[in-house]
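Each chain, letter by letter, is given below.
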Amino acid sequence: MPELQELKAEEKTAFRIPAKAYAAMGVGENLVPWDFTRRNPRPHDVQVDIKYSGMCHTDLHFIRNDLGFSSYPLVPGHEIVGIVTAVGTDVTKFKVGDTVGIGCLVDSCRECENCKDDLAQYCLNGATYTYGIPDRHGDGITYGGYSNKIVCDEDFVLKVNKDLPLDKVAPLLCAGITTYSPIKKWNIKAGDKVAILGLGGLGHMGVKFAVAFGAEVTVLSTSPSKEADAIKLGAHKFINTKNEEQVKSVQNYFNYILDTVSAEHDYNFYLSMLKTHGSMVCVGLPTVPASVPAANLIFQGRSLSGSLIGGLKETQEMLDFCAENNITSDIELINIKDVNTAFERMEKSDVKYRFVIDMATI
Ligand code: NAP
Ligand code: ZN
Ligand code: ZN
């Protein structure tokens, strides 16, 4: 085969890998079938046949350009599980037939302080997210997991235990690591009172991890219909945040609150539930700015912070922890043709507790 650099654009296409996806062709549009091509594996790349792809609320934010930097066609999906079908000449970590995962990151500068510290998600030169971001080597923009194939640098590919139900593993690649990371950082132990705010994709994983680490776990929810599920997931208490009496019972109560809410909400309402020196960490990403008077933090020495997914090393640690402790996501497996209806349900908080696309249906 001739060197790719010597070929004209149309000839290069012939050497690319045909792939199928569902894409948003413009801001806020429904996803439609879209054919495109992926690059052939570079020396350090693995090529993966995608089996399952989880649907994260961030996918909806990106389709709607809520963060202001989406590009189209946009192929969402960063909770990917699949099987390796080809490897580049210099790949050492994977071989054909391996079961693997790909999360929210596919590249980073590898040189900055954070990349060197296994915090590629906070790459100071801008991490390359799995979709909608220019490839660092000039191969257009990245396309995500709502597709049948993906090609990714081996350093951003995770090992997945093939004995786990792979459809239920897919959401661990984002919902899992995003909740595991702050819970690990808090060093949760028996006696800690942890609240998980919002029982959706992230929230239900947060409950499972906080329970696994020994905390007393409370779900704070706007959906009273989710109480029985919360308890089944291992939570010790359920507070309907629309019920004044119940809300009163948890004032100055929690050591930690993990806020997974995707829509506008009043941070002050929840900060008042923290004990002195308690911490609330935001992982949910409402697009409307919050207003928090400094006094609400100062008078009880409370903290408000944020957290973004997790690094590759920590993501592998999380996947291994899940395999050892038999933790996976509670999912509703869907045909890709139903993806737009699934987004409509997600918007109404009607998800139990993650939609996962069966990529065989594409
Ligand atoms: P999801 O499955 O849709 O769950 C969000 C939950 O928030 C809902 O189920 C609902 O729970 C609650 N909620 C919705 N609207 C609310 C409102 N107005 N007030 C109070 N609660 C409300 O979404 P997800 O996939 O878990 O993602 C959640 C958020 O995290 C999104 O904004 C997403 O972009 C963000 N995210 C961040 C990271 C990160 O690295 N920081 C990673 C992934 C996702 P109840 O029915 O229990 O009230
Ligand atoms: Zn996500
Ligand atoms: Zn970097």
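These lines cover the structure that appears in this document, whether it is placed above or below. On a predicted model such as this, the values are computed, not experimentally measured, just so you know. (Residues numbered from 1 in each chain as written. Chains lettered and ligands numbered in written order. Predicted model: local features only at pLDDT ≥ 70, side-chain atom pairs only at ≥ 80, totals over all residues. Heavy atoms only, no water.)

Right, let's talk about the coordination of the zinc ion (ligand 3) for a bit. Around the zinc ion (ligand 3), the donor atoms from the protein are Cys109 (SG), Cys112 (SG), Cys115 (SG) and Cys123 (SG), and they sit 2.3 to 2.4 Å away. Geometry at the zinc ion (ligand 3) is tetrahedral, judged from the four donor atoms that bind it and their angles of 103 to 121° at the metal. If you list the donors of the zinc ion (ligand 3) from N- to C-terminus, the spacing comes out as C-x2-C-x2-C-x7-C. With Cys112 in the loop between β6 (105–107) and α3 (113–116) and Cys123 in the loop between α3 and β7 (128–129), this residue pair connects regions lying 11 residues apart in the sequence. (Donors = N, O, S within 2.8 Å, 3.2 Å for Na, K, Ca; no water. Tetrahedral: all angles 85-135°; square planar, octahedral: opposite > 155°, others 65-115°. Helix = DSSP H or I, 4+ residues; strand = E, 2+ residues; numbered from the N terminus.)

With the exception of glycine, most residues fall at negative phi, and the peptide bonds are largely trans. Omega for the bond connecting Tyr72 with Pro73 falls within 30 degrees of zero, at 0°, which places this linkage in the cis form. Tracing the chain through its elements places Pro73 in the loop between α2 (57–63) and β4 (80–87). Of the consecutive residues Lys352 and Tyr353, the connecting peptide bond is found in the cis state with omega at -15°. Along the chain, the position of Tyr353 falls in the loop between α12 (339–347) and β17 (355–358). Look at Arg110: it is not a glycine, yet its phi comes out positive at around 70°. Tracing the sequence through the fold places Arg110 in the loop between β6 and α3. A positive phi angle is found at Ile309, which is not glycine, with a value near 25°. On the accessibility criterion, Ile309 (7% relative accessible area) is buried. (Buried < 20%, exposed > 50% of the residue type's maximum accessible area, 1.4 Å probe, protein only.)

The protein atoms donating to the zinc ion (ligand 2) are Cys56 (SG), His78 (NE2) and Cys174 (SG), with metal-donor distances spanning 2.0 to 2.3 Å. Here the donor residues of the zinc ion (ligand 2) are spaced in sequence according to C-x21-H-x95-C. Within this pair, whereas His78 is found in the loop between α2 and β4, its partner Cys174 is found in the loop between α4 (166–169) and α5 (175–185), the two being separated by 96 residues in sequence. The class of His78 is buried, set by a relative accessible area of 7%. Judged by its relative accessible area of 5%, Cys174 is buried.

As for its position among the elements, His265 is in the loop between β13 (254–259) and α9 (267–271). In terms of polar contacts, His265 uses its side chain to reach the side chain of Asp259, at 2.6 Å. From its side chain, His265 meets the backbone oxygen of Ala263 in a polar contact 2.8 Å long. Ignoring anything within four residues of it in the chain, the contact list for His265 reads Leu197, Asp259, Tyr270 and Pro286. (Polar contact = N/O pair within 3.5 Å; in protein donor to acceptor, adjacent residues only side chain to side chain. Contact = heavy atoms within 4.5 Å.)

This brings us to the sheet that holds strand β10 (residues 193–197). Across the sheet, six strands lie side by side as β12-β11-β10-β13-β14-β15; this open sheet has parallel pairing. Two strands lie at the open edges of the sheet, namely β12 (237–240) and β15 (303–306), each paired on one side alone. Across this sheet, the average inter-strand angle for adjacent strands is 20°, counted without regard to direction. Bridging between strand β11 (residues 216–221) and β12 involves four bridges; their strand directions are parallel. (Pairing = 2+ DSSP bridges. Axes fitted to C-alpha atoms, helices over the stretch in contact; angles between N-to-C directions.)

Helix length check: helix α11 (residues 312–325) (14 residues) gives 20 Å between terminal C-alpha atoms against 20 Å at 1.5 Å per residue, within 8%. At its buried positions, α11 is contacted by β6, β9 (158–159), α4, α5 and α6 (201–212). Positive phi shows up at Asn326, right after α11, with a value of about 55°. (Expected span 1.5 Å × (residues − 1).)

Moving on to the packing of α5 against α11. Two elements in contact, α5 and α11, have axes whose closest approach is 10 Å; the angle formed by their N-to-C orientations is 100°. On the basis of the axis angle, α5 is roughly perpendicular to α11. Contact with α5, carried on its side by Gly176, Ile177, Tyr180, Ser181 and Lys184, involves Glu314, Thr315, Glu317, Met318 and Phe321 of α11 and no other residues of that element. Among the residues forming the contact of α5 with α11, the class breakdown is four nonpolar, three polar and three charged. (Parallel < 35°, antiparallel > 145°, perpendicular 65-115°, else oblique. Nonpolar A, V, L, I, M, F, W, Y, C, P; charged D, E, K, R; others polar.)

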